[in-house]
Amino acid sequence: MSVRILALVGSLRAGSHNRQLAEAAVKLAPESAEVNLFEGLAEVPFYNEDIDVEGNVPAAAAKLREAAAGADALLLFTPEYNGTIPAVLKNAIDWLSRPFGAGALTGKPVAVVGTAFGQYGGVWAQDETRKSLGVAGAKVLEDIKLSIPGSMTRFAETHPADDAEVAAQLTEVIARVHGTASEPAAA
């Protein structure tokens, strides 16, 4: 049975380098893993308890929850906006954290990676994302990290899948997420 890894991208831009990184993950996944890139974060409304009503959850939010619930692990790709996590990714985490204590993230292994223009590759955004995921109840894979700096120049003419160093690093990330997701749950 294949390990199902759901990829969420914190950038909505069509040419996003983080989206390209997620596409590379789909391409580089081993046969024993299936990385699915979630489409539709732009349609998920901002989290609001007034609209998070059982039997009447907005369709886009329900689709996100269903995709996360059906995954064995999640892999989040985040750029860095003003030194922190993009709103679209934070919103996804908020939806996936509910209902409190029983959301689709509860106990689920999640790793955070990404690329950004700055010299540190978006580490602040990744740290904030890990923090939010931990509070939301996810099993944050703190030791799995990949921050690729200089995205605008590094990927100006090269897709991340075609960058040998990045492909090798991303392959290692997927293997480690796969290994964690396929471990039996602790009793």
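Residues numbered from 1 in each chain as written. Predicted model: local features only at pLDDT ≥ 70, side-chain atom pairs only at ≥ 80, totals over all residues. Heavy atoms only, no water.

This part is about the side chain of K108. The topology assignment puts K108 in the loop between α3 (87–96) and β4 (109–115). No salt bridge is formed by the buried K108. Its closest oppositely charged neighbour is D72, at 6.4 Å. Ignoring sequence-local partners within four residues, the contact set of K108 consists of A68, A69, A71, D72, A73, L74, A138 and K139. (Helix = DSSP H or I, 4+ residues; strand = E, 2+ residues; numbered from the N terminus. Buried < 20%, exposed > 50% of the residue type's maximum accessible area, 1.4 Å probe, protein only. Lys, Arg positive; Asp, Glu negative; His and termini not counted. Salt bridge = Lys/Arg side-chain N within 4 Å of Asp/Glu carboxyl O. Contact = heavy atoms within 4.5 Å.)

Looking now at helix α6 (residues 164–181). Across its 18 residues, α6 extends 25 Å between first and last C-alpha, which sits within 8% of the 26 Å expected from 1.5 Å per residue. N-cap assignment for α6: the residue whose side-chain oxygen lies 3.2 Å from the backbone N of E165 is D163. (Expected span 1.5 Å × (residues − 1). Polar contact = N/O pair within 3.5 Å; in protein donor to acceptor, adjacent residues only side chain to side chain.)

Here the focus is the side chain of S97. Relative to the helices and strands, S97 resides in the loop between α3 and β4. Given the relative accessible area of 7%, S97 is considered buried. When near neighbours in sequence (up to four residues on either side) are disregarded, S97 contacts G103, L105 and A136.

Turning our eyes to something else, we now look at the pattern of salt bridges. In this structure the tally under the stated criterion is nine salt bridges. In this structure, R130 and D127 form a salt bridge, with 3.1 Å as the shortest nitrogen-oxygen distance. Placement of the pair is R130 and D127 together in helix α4 (residues 123–135), with a separation of three residues, close to one helical turn. By relative accessible area, which is 3% here, R130 ends up buried. Within the structure, one salt-bridge network assembled from shared partners comprises R19, E23 and E39.

If you look at the biggest cluster of nonpolar residues, it comprises 29 residues, and the most contacted ones within it are I5, L75, F77, L170, I174 and V177. Elements supplying a minimum of two residues to this core: β1 (3–9), α1 (17–28), β2 (33–37), β3 (73–77), β4 and α6. Among the elements that take part in this core, α6 stands out by supplying six residues, more than any other. Residues within four places of L170 in sequence aside, it is in contact with L21, A24, A25, L28, F77 and L146. With 28 residues, the next largest nonpolar core counts A60, V88, W95 and V110 among its residues. (Core = buried A, V, L, I, M, F, W, Y, C linked by side-chain atoms within 4.5 Å.)

Here β4 lies mainly inside the structure; seven of its seven residues are buried. The two faces of β4 match: P109, A111, V113 and T115 on one face and V110, V112 and G114 on the other face are all buried. Looking at chain direction, β3 and β4 are connected through four bridges and run parallel. Across the sheet, F77 pairs through a bridge with V113, a residue of β4. In terms of handedness, the path from β3 via α3 over to β4 forms a crossover that is right-handed. Note that β4 and strand β5 (residues 139–140) share two bridges and pair parallel. By the bridge assignment, V110 is partnered in β5 with V140. Bridge analysis of β4 against strand β6 (residues 147–148) gives two bridges, and the strand direction is parallel. Bridging from a neighbouring strand, T115 pairs with I148 of β6. (Pairing = 2+ DSSP bridges. Right-handed = clockwise from strand over helix to strand, strands pointing away.)

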